[in-house]
Amino acid sequence: MKPEAQEAIDPRWLVTVEDLPLIARSVVHGFLSGLHRSPWLGHGSEFASYRPYIQGDDLRRVDWKVWGRTDRLFVKECLNERNLRVHLVLDATASMDFGQPSKIRYARAAAASLAYLCLHQNDAVGLTCLGQTAELLLPPSSSNRQMEELLLELVRRETGGHAELSDAEKELGALLEKRGMLVLLSDLLVPAEAFAAFLQTLSARDQEVVVFRILCPEEIDLPLHDAVLMEDVETGAKVRVDPDEFRERYRSSFAKHRSELRRISEDFEADLVECRTDEPLDEILITYLDRRWRTF
Amino acid sequence: MGLTFSQPWLLAALVAVGIPILIHLLRRRQLTIRRFSSVRFFLEMDQNARRRKRVRRWLLLSLRVLAIAFVVLALAGPHAGAGAGAKSDERLVIVLDQSISMSMDHRWARVAPILRREIASLNANHARVTIIGAGPTPKLLVDARRPSEAIAESKGFRPGFGTSDLTDALRRALSILSRYPAATRRSLRLVTDGQSSQKAQLTGRAIPRNCDFRIQTVTDQSARNAAVTSLKRIGPRQFEATLRNLSADGAVEGELAWRVNGAVARRDKLSLGAGAIMRSRFTLRAAPGGSRQLISALLQTQDALQADNCRSCVEDLEGPLRVVVAKSPAAPGLVPTEFFWVTALQSTAVEMYGTNQAKRAVRVVPVERLAQAIAEAHPDVVIISPTGEEPGSLAGVLESFLRAGGALILFSGDLAQRSLLMRQPWVPARLEALQDTSSWKGDGLQLDLSHREQGPLSVFDADSVRTFRSPAFSRRWTARLKEASQVAVRFEDGQPLVAVRHFEKGRCVWVNTSMDAEWTDWPRKRSFVPWVDGLVHFAAAKLGRKPQPFPSCAAGVAVTLSLPAAKGDRPVTLREWQGGKRFNAQIRKGRLEVPPLPPGLYEVRDHDERTISYLSSYVPVSESDPNVLSAQELAASIPRSPLPLTGGNFALSTGEHSSWIRQGLFLLVLGLLVAEMCYGNRLFA
């Protein structure tokens, strides 16, 4: 692993999560064999059904035991296991460059971990970044070089701009025509309506969505005391804030927004994983993947 | 309606209104910019709240600016109304003496006409009258009212029970006058009875030269003016009153009433010529030392001023027993250095025997100065050990002392037989021979303790001192008791140790021992001090009667007194002794809270109408001054200040000084406080 790539990901995390499979809840379209169910029947280890033999079928798939009992030819069909197409969408807007450590650093690490995990189980991983605009950096692929290229893109990518979630959906475009998984790594400091519209579009296109919402403690607790002039890093808007006076209402508003995001996620059957930058990433990933494995 | 200012130069201070604005602007600039991931939550927050906050900030700023502006305007002395500050305006402040002396005779009846006359003399259309009641503290009776209103309100005035502080009242009056514009005609009147004791008060306050000041006295200078000018104690139970007729002409016929605790004990008819001075003496019959009695002398005449004819004496009989001990080089045992019982007698060491009913005031004097000490200290008890070295005149002094009701204790040492004192008729026994009893028994001669419940040994009869053991005596006098003498304590063989004999109103107690260790081992025992204490109490107290101390206070003043009989918290009633007046009072933590009372003797009764103590309220000395001065004499004693009376000094208590400014300022300050409290902002924060 190149040094710059090491900045984006801690190898210890990969060791921790590599034994945990990322299982897609829905069926996926893919070309390579993997852990995920496919809508096509064919080769595989999991039995699906029998059908009468027709001319042209591979004789190796004829179940001769059934022929012996019934004197009729039946072909055994199994569920075909396919690989998963995972789209990592990294929010690299200006708001992600906030906190200590910054949210973008945390998001890069999470993206790298997930990419490593997917590639480890022969899934195809792509990367799209939200900055000034949405930009497809790497199409999904499960090649051997995909991991290295993905890490380099993660490191090179600077924060800035304030692209919308809908831009990512437009950028991915045709790539979303096939079923797959979209993993969004963002702070989701957007209106709940925009998030709902984003999920609705993806749901209509048979995409399973996992959202890692990354926040820093300063955003949640507002641990300031002196009156300051708050400047929005994305829009440049300024507002006079007396934290002691605003704190309770801020927390209340923040909590309300958070509950709305949760509700929207549940409505569209998307996973919403909340991460604090002061919490270890490996624990969050292990907890989430373990829970997902159990509920599969 | 015009608005003028007494001190317009103060308006320059209005630039101070820029201070809060400056602070506001500076604080806005000092805000630090902090980059934040998203301010959408702050922006999404209740926009109304943000608007309210902005409004509130501006409101606070406005309030602060207005507060400073109002204070500056107020200090500049604004005057609203037509002709504000015009010379046609007139302000009159009357200081009315409300001391208890004003209630005597017909003095108060003369107050109303004087007030009416003074107020009616105001000519200005916008005249205002302020009346200050001069009591222990000045009280604003009428606050800048129109003349007609002031006259109507003055009908309800009453004199007080206490003293008056004219200095403080005049200071208050001048302070009020100084708030009016200098152009206004300002007058000050003092209405008083002109007691000469007020002269000292009046000299302490200079009146500015531009203030129209006059004194009106309510005393009739032509009236007969006789009074009791002093009352003092001249003996253990003897009192002397001095009466003077201060009238310029004419004799005073009347009656002097001596009262004990309010009850008339003796009446003397008398006639005092013009300018005459007369003394009258009174002897208290049965008052044990240490008790407290209210003695008063009241001169009752047909036309003398009642205020000046009563004197009370309550202090002279209060306090502890007074004991004078005569020491002599020939009788060292009486005041031995190794056991200074005199000190112990005054200390709380006696309390361990439960005998310290009241502390004793003990004074030790050389025997040659005993006569002088008796004259000065008026003791209740004299202790002496005769040695024959006493001055020859001492016997006569002691006889007078006994006749006046004093108690004499005689110890008899080795030299007692040589003393002339032991041959006096009032001594209970005649000494015969010295008897050495050291070989009487192994431990010496003991006391007969079978009848110790009475007499000096009664102090050892308490349950706590059942273990009292008799001291041993090794020497004594054989003596022959005189007629009418009684033995109070005996030796175990029946011979007297203590004998007592009444002489006139007093009693002489003879003790058949000395305090020397050669006579007895008692001084080395812990029971010795209680024994002497019991002896003193036995000699001084009338059998079957115990001292009843009670507190006293000056009339007309609310005070809190220590009341030994009071415990806990409870309401009580002060009932005038042999009178119908009742006053409610309160006992808190053993202390009696007394309201202002008229002079007299009061019973302190609890809710069961049970008398738990007495309380005397006396006329202050300053109010009993019989000498009255004319208005001219009083005025001559008041200095006139060369400095003029200032004008326009603002104060919130000013009467009709632009009331809207006062109310506005009050509401403004109130609003500012509420705003600061509600919004949690510090002033100028």
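Quick caveat, the model's predicted, so the values are computed rather than measured.

> Now, about the overall build of chain B: what can you tell me, with residues and values included?
Secondary structure summary: chain B contains 13 helices and 33 strands in total. The 685 residues of chain B split such that 42% are buried. For chain B, contacts bridging at least 24 residues in sequence account for 76% of all contacts bridging at least 6.

> Which residues make up the packing of helix 6 (residues 165-172) of chain A against helix 7 (residues 192-204) of chain A, and what values do they have?
Residue and element names in this part refer to chain A. Between helix 6 and helix 7, whose axes approach to 9 Å, the crossing angle comes to 20 degrees. Taken together, the axis directions place helix 6 and helix 7 in an arrangement best described as roughly parallel. As helix 6 packs across helix 7, the resulting crossing turns out to be left-handed. Residue-level inspection shows Leu165, Ser166 and Glu169 of helix 6 in contact with helix 7, the latter providing Ala194, Phe195, Ala197, Phe198, Thr201 and Leu202. Looking at the contact of helix 6 with helix 7 residue by residue, the class counts come to 6 nonpolar, 2 polar and 1 charged.

> Quick one: what's the story with unusual backbone geometry, residue by residue and with numbers?
Residue and element names in this part refer to chain A. Here the residue pair Gln100 and Pro101 is connected by a cis peptide bond, since its omega of 0 degrees sits within 30 degrees of zero. On the secondary structure map, Pro101 appears in the loop between strand 4 (85-91) and helix 4 (103-120). Its identity as a non-glycine residue notwithstanding, Leu222 has a phi of 50 degrees, on the positive side. Structurally, Leu222 can be placed in the loop between helix 8 (217-221) and strand 9 (228-232).

> Lay out the packing of helix 7 of chain A against helix 9 (residues 243-267) of chain A in plain terms, naming residues and giving numbers.
All names here are of chain A. Viewed as axis vectors pointing N to C, helix 7 and helix 9 meet at an angle of 15 degrees, and their least axial separation amounts to 10 Å. By the criterion of interaxial angle, the relationship of helix 7 to helix 9 is roughly parallel. Considering only the axes of helix 7 and helix 9, their crossing is right-handed. Along the contact surface, helix 7 presents Ala192, Phe195, Ala196 and Leu199, while helix 9 presents His257, Glu260, Leu261 and Ile264. Residue classes in the contact of helix 7 with helix 9 are distributed as 6 nonpolar, 1 polar and 1 charged.

> Which residues make up the pairing of strand 7 (residues 185-192) of chain B, and what are the values?
Residues and elements named next belong to chain B. Counting buried residues along strand 7, 7 of its 8 residues qualify, which places the element largely inside the surrounding structure. The pairing of strand 4 (residues 90-97) with strand 7 spans 7 bridges and is classified as parallel. Paired with Glu90 across the two strands is Arg185, which belongs to strand 7. One ladder, built from 6 bridges, connects strand 7 with strand 9 (residues 212-217); its direction is parallel.

> Quick rundown of the environment of Glu518 of chain B? Include the residues and the values.
Residues and elements named next belong to chain B. Within the element layout of this structure, Glu518 appears in the loop between strand 25 (506-511) and helix 11 (528-540). A residue is classified by how many C-beta atoms lie within 10 Å of it, and Glu518, with 13 of them, is partly exposed. The spacing of Glu518 and Ser474 is 44 residues in sequence and 7.0 Å in space, taken between C-alpha atoms.

> Can you break down the sheet that holds strand 9 of chain A residue by residue, with the values?
Paired through backbone hydrogen bonds, the strands of a sheet run either parallel or antiparallel to each other. What the 3 strands build is an open sheet, ordered 10(A)-9(A)-2(B); its pairing is mixed. In this open sheet, the two edge strands, each paired with only one partner strand, are strand 10 (238-241) of chain A together with strand 2 (32-36) of chain B. For this sheet, the mean inter-axis angle between neighbouring strands, taken without regard to orientation, is 35 degrees. Both strand 9 of chain A and strand 10 of chain A contribute to a ladder of 4 bridges, which runs antiparallel. Paired with Glu231 of chain A across the two strands is Lys238 of chain A, which belongs to strand 10 of chain A.

> Kindly report on the pairing of strand 29 (residues 582-588) of chain B, identifying the contributing residues and their values.
All names here are of chain B. Where strand 28 (residues 570-576) lies against strand 29, 6 bridges are found, and the strand directions are antiparallel. For Thr573, the partnering residue across the bridge sits in strand 29 and is Asn584. Bridge count for strand 29 against strand 30 (residues 591-594) is 3 bridges, and the pairing is antiparallel. Residue pairing in the sheet places Arg588 in a bridge with Arg591 of strand 30. Hairpin connection between strand 29 and strand 30: a loop of 2 residues separates the two successive antiparallel strands, and Lys589 in this loop has a positive phi of roughly 50 degrees.

The rules behind the values
- Residues numbered from 1 in each chain as written.
- Chains lettered and ligands numbered in written order.
- Predicted model: local features only at pLDDT ≥ 70, side-chain atom pairs only at ≥ 80, totals over all residues.
- Helix = DSSP H or I, 4+ residues; strand = E, 2+ residues; numbered from the N terminus.
- Buried ≥ 20, exposed ≤ 12 C-beta atoms within 10 Å, placed from the backbone.
- Contact = placed C-beta atoms within 7 Å.
- Axes fitted to C-alpha atoms, helices over the stretch in contact; angles between N-to-C directions.
- Parallel < 35°, antiparallel > 145°, perpendicular 65-115°, else oblique.
- Left-handed = near helix turned anticlockwise from the far one by under 90°.
- Nonpolar A, V, L, I, M, F, W, Y, C, P; charged D, E, K, R; others polar.
- Pairing = 2+ DSSP bridges.

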